[in-house]
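# Topology and contacts: notes
This is what each chain is made of:
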Amino acid sequence: MSDPMTTRIAARFAALKAEGRPALVTFITAGDPDAETSLGILKTLPGAGADIIELGIPFTDPMADGPAIQAAGLRALKGGQTLAKTLAMVKMFRVEDDATPIVLMGYYNPIYVYGVDRFLADALAAGVDGLIIVDLPPEEDDELCLPALKAGIDFIRLATPTTDEHRLPVVLRNTAGFVYYVSITGITGSATPDADVVGKAVTRIKAHTPLPVAVGFGVKTPEQAKAIAAGADGVVVGSALVEAVRRTLDESGAATANTVPAVEALVEGLAAAVRSVRR
Amino acid sequence: MLNSYRTGPDDRGHFGIHGGRFVAETLMPLILELEAAYTAAKADPAYQAEMDSYLAHYVGRPSPLYFAERLTEHLGGAKIYLKREELNHTGSHKVNNVLGQILLARRMGKTRIIAETGAGQHGVATATLCARFGLPCVVYMGAVDVERQAPNVFRMKLLGAEVVPVQSGSKTLKDAMNEALRDWVTNVSDTFYCIGTVAGPHPYPGMVRDFQSIIGRETRSQMMEMEGRLPDTLVAAVGGGSNAMGLFHEFLDEPSVEIFGVEAAGRGIETGEHAAAIIGGQPGVLHGNRTYLLMDGDGQIKEAHSISAGLDYPGIGPEHSWLNDVGRVKYIPCTDQEALDAFQLLTKLEGIIPALESAHAVAKAIELAPQRPKDQVMVVNLSGRGDKDVPQVAEILGTSL
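Quick caveat, the model's predicted, so the values are computed rather than measured. (Residues numbered from 1 in each chain as written. Chains lettered and ligands numbered in written order. Predicted model: local features only at pLDDT ≥ 70, side-chain atom pairs only at ≥ 80, totals over all residues. Heavy atoms only, no water.)

### As for the overall build of chain B
Counting its regular elements, chain B contains 16 helices and 14 strands. Since a compact globule built from 401 residues should have a radius of gyration of about 21 Å, the 19 Å found for chain B is in line with a globular shape. Taking the principal axes of the C-alpha coordinates as reference, chain B spans close to 55 × 50 × 45 Å. Burial statistics for chain B: of 401 residues in total, 65% are counted as buried. A sequence separation of at least 24 residues applies to 74% of the contacts in chain B between residues at least 6 apart. Looking at chain B as shown, the accessible area adds up to about 13200 Å², and 52% of this sits on carbon and sulfur atoms. (Helix = DSSP H or I, 4+ residues; strand = E, 2+ residues; numbered from the N terminus. Rg over C-alpha atoms; globule rule 2.2 N^0.38 Å. Buried < 20%, exposed > 50% of the residue type's maximum accessible area, 1.4 Å probe, protein only. Contact = heavy atoms within 4.5 Å. Areas by Shrake-Rupley, 256 points an atom, 1.4 Å probe, with all protein chains shown as cover.)

### Quick notes on the packing of helix α3 (residues 67-78) of chain A against helix α11 (residues 239-247) of chain A
Residues and elements named next belong to chain A. It is the contact of α3 with α11, at a shortest axis distance of 9 Å, that shows an interaxial angle of 50 degrees. In terms of axis orientation, α3 runs oblique to α11. Here the hand of the crossing between α3 and α11 comes out left-handed. Contacts between α3 and α11 involve Ala-68, Ile-69, Ala-72 and Arg-75 on the former and, on the latter, Ser-239, Val-242, Glu-243, Val-245 and Arg-246. Class assignment for the residues of the contact of α3 with α11 results in five nonpolar, one polar and three charged. (Axes fitted to C-alpha atoms, helices over the stretch in contact; angles between N-to-C directions. Parallel < 35°, antiparallel > 145°, perpendicular 65-115°, else oblique. Left-handed = near helix turned anticlockwise from the far one by under 90°. Nonpolar A, V, L, I, M, F, W, Y, C, P; charged D, E, K, R; others polar.)

### Some thoughts on a nonpolar patch on the surface
All names here are of chain B. Together, Ile-353, Val-390 and Leu-401 line one region of the surface with nonpolar side chains, adding up to about 280 Å² of accessible area. As for its position among the elements, Leu-401 is in the segment after α16 (390-396). Accessibility expressed as a relative area gives 77% for Leu-401, which makes it exposed. (Patch = residues over 30% accessible without salt bridge, like charges linked within 9 Å, V, L, I, M, F, W, Y side chains within 5 Å. Salt bridge = Lys/Arg side-chain N within 4 Å of Asp/Glu carboxyl O.)

### With respect to the nonpolar core
Of all hydrophobic cores here, the largest spans 92 residues; its most connected members are Tyr-180 of chain A together with Leu-104, Trp-184 and Tyr-193 of chain B. Those residues within four positions of Tyr-180 of chain A in sequence are excluded, and the remaining contacts are Glu-54, Met-105, Ile-132, Ile-156, Arg-157, Leu-158, Ala-159, Ala-214, Gly-216, Phe-217 and Val-236 of chain A. Counting 71 residues, the second-largest nonpolar core is a separate cluster that includes Leu-55, Met-89, Ala-148 and Leu-168 of chain A. (Core = buried A, V, L, I, M, F, W, Y, C linked by side-chain atoms within 4.5 Å.)

Rendered as structure tokens:
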């Protein structure tokens, strides 16, 4: 198992704790709309104020995602994105940035087909810090979670409104890095979470674990991000960012000169809101 | 050698390497609740009695086992019997499973039913039982399937169901299942997801198989009555594989019974345009289970192709994948054209219009029966009736209705 003090995720949360503010976690889909533009977006994120980056692994059948991230994944796949290219993208990012944590988020099948051992070795070499794999609950920990922890990659679990007191310890047992609280019952980018309800849920989770808790699903605007971040260690924004990508594409679906700046501007706005939260 | 082929799944839902529970955390408590409820129901004689009563008086079971005399004479080989699941209420085997799940949903206090459908047979069966029990019903159906199965879409609407055309992905059955899962993850407290085949996360594959196993149990006793012995060969079409598991399960431990699952080979396995997950795919993880899937080298799911909307799915139930791996069932391909020819031949010789799904099984019986002696007996699962396919077949044959 990895030493929690040496990982980029632990170091980043420790630094933010010292600063007394929550983290802005940004999600983009790798390869959306093409590999080069996507790398361009990735590189601008830390400067725009992203503290942690979730990089979506495109998949044809993302059963927990709403229309925005579904469409982003299909754009990326149409542009020829593969898991190997996503890992290469992380490697290129790491040339310039060795501090910002990168968490790959997606579904199990592309990793299973790539081969778990080969994937973990390549992900570690590329500079991946954590994994969020939506369709691997604790009941399937043997598949990837335990091998990942052994390899030194954090396996970040989703806790949800349906995760009750009885189940929460099961969910937290092999979780590392941080806990991702899914703020709503639903798919990404759908309903808007109630900040009060979410704050109570985060408090409940923190009673069971020393890990930071980040909250995502349905957070779209700087105001919402600020409200959610006030009651958590971090807030995740995803669908709004991939929507910003989509809005800048030309008629053929190709990136334009506005694509990278549009995402950058949105992240700057979100970061300003999240950074205004002090505790 | 295994002692028995009938003990699966294990307590984690595995059939060999296949099966499992690959779902989002939001759904995990729900499928654990379902598993507990199903285990309790199975042990409750009142549940079984309720089911038996509806099976007899509402579904119309037992379904006949019919000696297809003219087809047998025409082929000149093994005697062919048809298990007449198409005579069930709603016109296919799907109702057997839906009845079990709806009665379970009622026990669990669930008040809203969702389902996915390909050809519309499962959707119609679900809409029917929901009408019978006064439950609101939402059926997800790929937009492409809505187009090619118009009669069933209208039936579902008549029955009071809301039919949601799914525009995402390939707009067929797999996308309908994605959308149903997205609904379930959103409406966790009141909604019961009625899966139509022996796939999905544990406990669905084993549970749906249990509900369909009545097909094989009836076949055994009817065959004993009519022929005084077990059949030599079983043939059933496999999409997700529920009619096939229903027929096969009873006979898995009978070594004398040879078993064939027929996969949809579409325009031919070699063209890549097919729906044969075992023959043309490899193990992967989709829709809650590990099983054979059609996919590319990056693990992206490929679109399936079949003339039959009910077989047009890039996966297959995990128990079939395991039965393939251990060699108990042989999975063989059947092209669109072979199914279309069988559709017409059975109609002309026996006066029975099979569903295009079932026509795949008939086609392989046509191929296999002449290779077997006349004293052998073959059972073909006629899983559905073909009325719904008449407009599509007319169009293919160049007749405008």
